[in-house]
Amino acid sequence: MSPDTIGLALLLLGVLLLVAKLVRVKWKLTQKLFLPSSIIGGGIALLLGPDIFGRAMALFGVDSFTEGGLFGAGVHEVWSALPGLLISVVFAGLFLGKPLPRFKDAARLAGPQLAFGLTLSTGQYVIGLLLALLVLVPVFNLPALTGALIEIGFVGGHGTAAGLGDTFEQAGFPEGQDLAVGMATVGLLAGILLGIALINWGVRRRKTAVLDSKAEISDAEQAGLLVGEKRGPGAMLTVHPSSLDPLALHFGLIAIAVLIGQLILSGMQALEQALWADTIEIFAYVPLFPLAMIGGILLQILIDRFDKNAIVDSMMVERVQGFSLDMLVISAMATLSLQVLAANLLPFLLLAAAGILWVVGAFLFLAPRMMPLYWFERGIGDFGQSLGVTATGLVLMRIVDPELKTPAYPAFGYKQLVFEPFFGGGLVTAAAIPLIISPHVGAVPFLVIMAVGLAASLYTGLFVFGRKRKGGAAAPVQEDASARS
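Residues numbered from 1 in each chain as written. Predicted model: local features only at pLDDT ≥ 70, side-chain atom pairs only at ≥ 80, totals over all residues. Heavy atoms only, no water.

Visitor: It is not clear to me how the overall build of the protein chain should be interpreted in this structure. Could you clarify?
Guide: From N to C terminus, the protein chain includes 21 helices and zero strands. Considering only intrachain contacts with a sequence separation of at least 6, the fraction spanning at least 24 residues in the protein chain is 79%. Looking at the protein chain as shown, the accessible area adds up to about 21,900 Å², and 66% of this sits on carbon and sulfur atoms. (Helix = DSSP H or I, 4+ residues; strand = E, 2+ residues; numbered from the N terminus. Contact = heavy atoms within 4.5 Å. Areas by Shrake-Rupley, 256 points an atom, 1.4 Å probe, with all protein chains shown as cover.)

Visitor: Looking at this model, I keep getting lost on the environment of Gly195. Mind explaining?
Guide: For Gly195, the location among the structural elements is in helix H9 (residues 175-204). Considering only alpha carbons, one finds Gly195 and Thr392, 197 residues apart in sequence, at a separation of 8.9 Å. Once residues within four sequence positions are removed from consideration, Gly195 is found in contact with Ala190, Ile380, Phe383 and Leu396.

Visitor: Even after reading the chapter, I still don't get unusual backbone geometry, so can you show me in this structure?
Guide: Note on backbone geometry: most residues besides glycine have negative phi, and most peptide bonds are trans. For Arg206, which is not a glycine, the phi torsion comes out positive at approximately 60 degrees. Structurally, the position occupied by Arg206 is in the loop between H9 and helix H10 (219-222). Here the phi dihedral of Tyr374 falls at roughly 55 degrees; this positive angle occurs in a residue that is not glycine. Residue placement: Tyr374 occurs in the loop between helix H16 (367-370) and helix H17 (375-400).

Visitor: Whenever I open this one, the nonpolar core confuses me. Can you help?
Guide: Among soluble globular proteins, nonpolar side chains are generally buried collectively. Ranked by size, the top nonpolar core spans 104 residues in total, and within it Trp79, Phe168 and Ile380 carry the most contacts. The element best represented in this core is H9, accounting for 11 residues. Among all residues touching Phe168, those that are not within four sequence positions of it are Leu145, Leu149, Ile152, Ala161, Phe173, Pro174, Gly176, Gln177, Ala180 and Ile433. (Core = buried A, V, L, I, M, F, W, Y, C linked by side-chain atoms within 4.5 Å. Buried < 20%, exposed > 50% of the residue type's maximum accessible area, 1.4 Å probe, protein only.)

Visitor: Teacher, can you tell me more about the packing of helix H5 (residues 73-92) against helix H11 (residues 246-275) here?
Guide: Angle between the axes and distance between the axes: these two values describe a pair of packed helices. Contact pair H5 / H11: the axes reach a minimum separation of 9 Å and the direction vectors enclose 105 degrees. Considering the angle they form, H5 stands roughly perpendicular to H11. Between H5 and H11, the residues in contact are Ser88, Val89 and Ala92 and Ile254, Ala257 and Val258, respectively. In terms of residue class, the contact of H5 with H11 is made up of five nonpolar, one polar and no charged. (Axes fitted to C-alpha atoms, helices over the stretch in contact; angles between N-to-C directions. Parallel < 35°, antiparallel > 145°, perpendicular 65-115°, else oblique. Nonpolar A, V, L, I, M, F, W, Y, C, P; charged D, E, K, R; others polar.)

Visitor: Which parts of the structure should I look at to understand helix H1 (residues 3-26)?
Guide: Side chains that are three or four residues apart share a direction in an α-helix, a result of its 3.6 residues per turn. Taking 1.5 Å of rise per residue, 24 residues should cover 34 Å, and H1 covers 35 Å from first to last C-alpha, within 8% of that figure. Taken as a whole, H1 has its buried residues at Ala9, Leu13, Leu16, Leu17, Ala20 and Arg24. (Expected span 1.5 Å × (residues − 1).)

Visitor: Mind showing me how you'd approach the packing of aromatic side chains here?
Guide: For any pair of aromatic rings, geometry is given as the distance between the ring centres together with the angle between the planes. With the rule as written, the count across this model stands at 10 aromatic pairs. Between Tyr459 and Phe463, the aromatic rings sit 5.5 Å apart at their centres with planes inclined by 40 degrees, giving tilted as the arrangement. With Tyr459 and Phe463 both in helix H20 (residues 443-465), this residue pair falls four residues apart, about one helical turn. Given a relative accessible area of 42%, Phe463 falls into the partly exposed group. Positioned above the aromatic ring of Phe419 is the side chain of Lys415, whose terminal nitrogen or guanidinium carbon lies 4.5 Å from the ring centre. (Phe/Tyr/Trp six-rings, centres within 6.5 Å; stacked < 30°, edge-to-face > 60°. Lys NZ or Arg CZ within 6 Å of the ring centre and 35° of its normal.)

Visitor: I would appreciate a short explanation of the pattern of salt bridges in the present structure.
Guide: Between side chains of opposite charge, a pair can form when the charged atoms approach closely. In this structure the tally under the stated criterion is one salt bridge. The residue Asp382 makes a salt bridge to Lys415 at a minimum N-O spacing of 2.5 Å. Of this pair, Asp382 sits in helix H17 while Lys415 is found in helix H18 (residues 408-419), placing the two residues 33 residues apart along the sequence. (Salt bridge = Lys/Arg side-chain N within 4 Å of Asp/Glu carboxyl O.)

The values reported here are purely geometric and, on their own, carry no functional implication.
Here it is, written out as structure tokens:
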């Protein structure tokens, strides 16, 4: 693979993202669905790839596009490698530039939120593994690890799904990556579509504390544009560009976090090989990105202690993350194998339908009983995350609470501090496949572990935090100042 091919592949992703943004601005349907440009661009790249454009051209006797589609095999090869690299950049910056909160403040707000989030994720494992053991393994001859695809694709998203490619391959099921990426796409679309539908339902049924039926989203916001007073700085210049560009500084910090994660992973792999590899191997299958997140946390602890000049800007970190995530999603979708999805279509649909029904049912029946107040605003964030990653949850919370009048945002953020290191691409997500295929653990014991976790989170949410519920679902907005302090 030549440097020119790598450069061309990156440039083409930039062009596709701009074309996708133009589609979002001009096509009303994509606006009403709030489709991110990366998803639109990924769909365009998929249409022009080998499975659709290549096969269509082959019908006319032109076989030169069957391997790499319109863009060529070399570009396709570069794109397929990008998600596994970029996901570490995204995870490394999750906590950079964000001072870690006091435990008491975080626990007060995040307790019910964490119980609900853990219920959703452990439930996805329980439902997926039950479906795998009872149907997918005996009927479709698929491996039991397919039971983990719901949580990997829905909560983990495209980055986690693509980042686990080597893990799937080492587990003897390389098709799992394409199925997981497909699951992530279905989950993202379902999260947006069903989330908007639930918000409309909540407004009509007076389940929301802030939003009412008269609230409207402007045409510019639907097109994904910021105009007038809504425009603001996307980041701050914390160092003078003449010495070092601020973007380069923050990229360097993220690079350090990734390297710390690599050192931790290498150390744990060496320790495993020396002590217990003959019995069970876990870290041999664990990808880099959850450890990169741990590296980011450790680096942030040092920053909190020694950065007296506040040179780390969370918004600048988010810009690096956002760029990486857009490139990740579009490249992951562009290299999705439709042949794998077609070959496993019925099992794929069964898993997707079961996961969606679980999340929708949990939101409607469990969230009101687990959240003390503002259950709709707080629950819709976890609903979106449990189908279409964190960004979807944030978008839905922004729609239902545009002026941040409820404690939904801080509660969700504090919950992430505990939730992210384990689920949605964290250590549990990374270790799930190695544990399921391990002869010393296996699918059934892992199912039992997740069932115990589900029972514990349900009990905590329903009988500890749920007892503190007051009044109706849409209580007056009266605690936003103290909740956000």
